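Read off the chains here:
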2 protein chains.
Amino acid sequence: MGFLADAPLHGYELRRRVAALTGHVRPIADGTLYPTIKRMERAGLLRRDVQAGQMAAPRHVLTLSPGGQAELLRQLREPDELFITDENRWFTLLAFLRHLDDPAAQGAVLRRRLNFLTQPASFFWDGDRPLRADDFPDDPFRRGLFRIATATSRTEIAWLRDMLTSLTR
Amino acid sequence: MGFLADAPLHGYELRRRVAALTGHVRPIADGTLYPTIKRMERAGLLRRDVQAGQMAAPRHVLTLSPGGQAELLRQLREPDELFITDENRWFTLLAFLRHLDDPAAQGAVLRRRLNFLTQPASFFWDGDRPLRADDFPDDPFRRGLFRIATATSRTEIAWLRDMLTSLTR
DNA sequence: GGCCGGTACCTCGTGTCCGAGGTATCTCCT
DNA sequence: AGGAGATACCTCGGACACGAGGTACCGGCC
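Now for a description of the structure that goes with this document. Predicted model only: the values in this text are computed from it and were never measured. Throughout, residues of each chain are indexed from 1 in the direction in which the sequence is written. Lettering of chains starts at A and numbering of ligands starts at 1, both following the order in which they are written. Owing to the predicted nature of the model, reporting of local features is limited to residues with pLDDT of at least 70; listing and counting of side-chain atom pairs is limited to 80 or more, with chain, interface and lining totals taken over all residues.

### Observations concerning the overall build of chain A
Each helix corresponds to a stretch of at least 4 residues labelled H or I by DSSP, and each strand to a stretch of at least 2 residues labelled E; elements are numbered beginning at the N terminus. When helices and strands are counted, chain A shows eight helices and five strands. Counting from the amino terminus, chain A carries its helices and strands in the arrangement α-β-α-α-β-β-α-α-α-α-β-β-α. It is over C-alpha atoms that the radius of gyration is taken, and the globule rule equals 2.2 Å times the number of residues to the power 0.38. Taking 2.2 N^0.38 as the reference for a compact globule, 169 residues should give roughly 15 Å; the C-alpha atoms of chain A span a radius of gyration of 20 Å, well beyond that estimate. Considered along the principal axes of its C-alpha atoms, chain A spans approximately 65 × 40 × 25 Å. Exposure criterion: with C-beta atoms placed from backbone coordinates, a residue whose C-beta has 20 or more other C-beta atoms within 10 Å is buried, one with 12 or fewer is exposed, and one in between is partly exposed. Relative to its full complement of 169 residues, chain A shows a buried share of 22%.

### Let's talk about the packing of helix 8 (residues 140–168) of chain A against helix 8 (residues 140–168) of chain B
When two helices pack together, their arrangement is captured by the angle between the axes and the distance separating the axes. Here, axes are lines fitted to C-alpha atoms. For helices the fit covers the stretch in contact, and angles between N-to-C directions go from 0 to 180 degrees. Interaxial distance between helix 8 of chain A and helix 8 of chain B falls to 10 Å at its minimum, and their mutual angle equals 160°. Compared by their axis directions, helix 8 of chain A and helix 8 of chain B come out roughly antiparallel. Of the two possible hands of crossing, helix 8 of chain A and helix 8 of chain B adopt the one that is right-handed. Residues A:Pro140, A:Gly144, A:Arg147, A:Ile148, A:Ala151, A:Thr152, A:Thr155, A:Glu156, A:Trp159 and A:Met163 of helix 8 of chain A pack against B:Pro140, B:Gly144, B:Arg147, B:Ile148, B:Ala151, B:Thr152, B:Thr155, B:Glu156, B:Trp159 and B:Met163 of helix 8 of chain B. Polarity classes work like this: nonpolar for Ala, Val, Leu, Ile, Met, Phe, Trp, Tyr, Cys and Pro, charged for Asp, Glu, Lys and Arg, and polar for all others, with Gly in that last group. Tallied by class, the residues present in the contact of helix 8 of chain A with helix 8 of chain B amount to ten nonpolar, six polar and four charged. Roughly parallel means an angle under 35 degrees; roughly antiparallel means over 145; roughly perpendicular covers 65 to 115; every other angle is labelled oblique. For any helix crossing, the convention is left-handed if the near helix is rotated counterclockwise from the far helix by under a right angle, and right-handed if that rotation is clockwise. Placing a C-beta atom from the backbone of each residue, one calls two residues in contact when those atoms lie within 7 Å.

### Concerning the sheet that holds strand 3 (residues 59–64) of chain A
Two strands qualify as a pair provided DSSP detects at least 2 bridges between them. Spatial strand order, 1-3-2 (chain A): three strands in an open sheet with antiparallel pairing. Sheet topology places strand 1 (9–10) and strand 2 (46–51) of chain A at the edges, where each strand pairs with a single neighbour.

### What to know about the protein's contact with DNA strand D
Any residue whose C-beta atom, as placed from the backbone, lies within 6 Å of a molecule or strand is termed near it. Residues in close proximity to DNA strand D total 25 residues, the closest being A:Gly11, A:Ala56, B:Gly31, B:Thr32 and B:Ala56. Elements with a contribution of two residues or more to the surface near DNA strand D: helix 2 (11–19), helix 3 (30–42) and strand 3 of chain A together with helix 3 (30–42) of chain B. Per-element tally for the surface near DNA strand D: the top contributor is helix 3 of chain A, with five residues. Of the residues in the surface near DNA strand D, the class split is eleven nonpolar, nine polar and five charged.

### Notes on the interface of chain B and chain A
It is common to report an interface's size as the accessible area lost on association of the parts. With 33 residues of chain B in contact, the opposing surface of chain A contributes 33 residues. Where the side of chain B that touches chain A is concerned, the elements lending two or more residues are helix 6 (87–96) and helix 8 of chain B. With 13 residues, the top contributor of residues to the side of chain B that touches chain A is helix 8 of chain B. In the side of chain B that touches chain A, the residues fall into 17 nonpolar, eight polar and eight charged.

### As for the pairing of strand 3 of chain A
Summarising the sheet, strand 1 of chain A and strand 3 of chain A pair through two bridges and their orientation is antiparallel. Looking at the pairing, A:Leu9 lines up with A:Leu62 of strand 3 of chain A.

### Looking at the relation of the copies chain B and chain A
One copy of the chain maps onto the second through a rotation around an axis plus a translation along that axis. If you rotate chain B by 180° and push it 0.0 Å along the axis, it lands on chain A with an RMSD of 0.0 Å. Considering both components of the superposition, the chain copies are consistent with a two-fold axis. Among all residues of chain B, the one whose C-alpha sits closest to the rotation axis is B:Thr152, at a distance of 2.6 Å. Interface residue correspondence from chain B to chain A reaches 100%, placing this contact among same-surface, isologous pairings. Superposition of the copies used a least-squares fit over C-alpha atoms from residues whose pLDDT is at least 70 in both.

### Quick word on the protein's contact with DNA strand C
The local shell around DNA strand C holds 24 residues, among which A:Gly31, A:Thr32, A:Ala56, B:Gly11 and B:Ala56 are the closest. Classifying every residue of the surface near DNA strand C by side-chain character gives eleven nonpolar, eight polar and five charged.

Spelled out as structure tokens, the structure:
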């Protein structure tokens, strides 16, 4: 829906764009995409205009309907908790948050993410005791995992703070 | 399987440990975990020892069988491409890569990841032209997304290079 | 004494994802 | 001329994840 809000597209191109989000979003399989398009069309979220073959087979150009626009905005404004906590989902949310077009609402979403990130969290526990990188002297892989996770987290927190001040100004 | 290779656990605790991997791995629902345990038990990957109620209901302590150990090692040694490219999967792989216990094989896995990360990639395209942060002057969210992604990527690449030299030494 | 919340396991229906397979057209190379 | 490969859409079966609901036991609070 985000990509369709950017511009009308046909299914195949949509699939390629999602695939380009490598590493952060899993590519969508054919057998997932087309049934989903049908479902969304039935639900009135998008319109389909068949365009006689430019390249090969006829393209079905998909356009987000007003209903689809509204649904996208709703999901951007009040994302499920998973979209805040899960890296992959958060990434997609961020990629299209511009469409929300309301600095206050955008700020609220960023604050939810910031709140999640600044909560003390450890990945591994010994009972109730949180384990840190130093607790794995013989596991360089987990130490690396901590190193990467903290670096990412720090960068993102700094960016979120920047954004929040510039949004409320 | 990784957590069970660390130590035998009962299902409930297993679920809590996965849930602690917040932000990187989605929590597993009850209705997913228990059928999966049954399936793995039937497949001979784990053993179940019922331990009469210490806290409340009787605990079923799960132990990875030799077959399960072998399967874990196989998946660590030759992970599906998705475990290399998808952040979430890669994270779990890294968390248990220590169990592979063969520097050469560990190095091969790290090299696959490094190879993936160093491939030129952009998230958004204008036809064939890769778009960079500067191409979104009116979208601070996508600029942030690039900023965070590059920072993470850089940290991880540096770490991977460190690890690879220390593994082959 | 009763009830709430946490522990611990389980089942079932719904939804959805994927891979395998299929169809058809166009371009490019040989 | 013909085949390979990309483009573009579609269907179906199997696998599996999830939420809702259920059972049962324990400890602590009022």
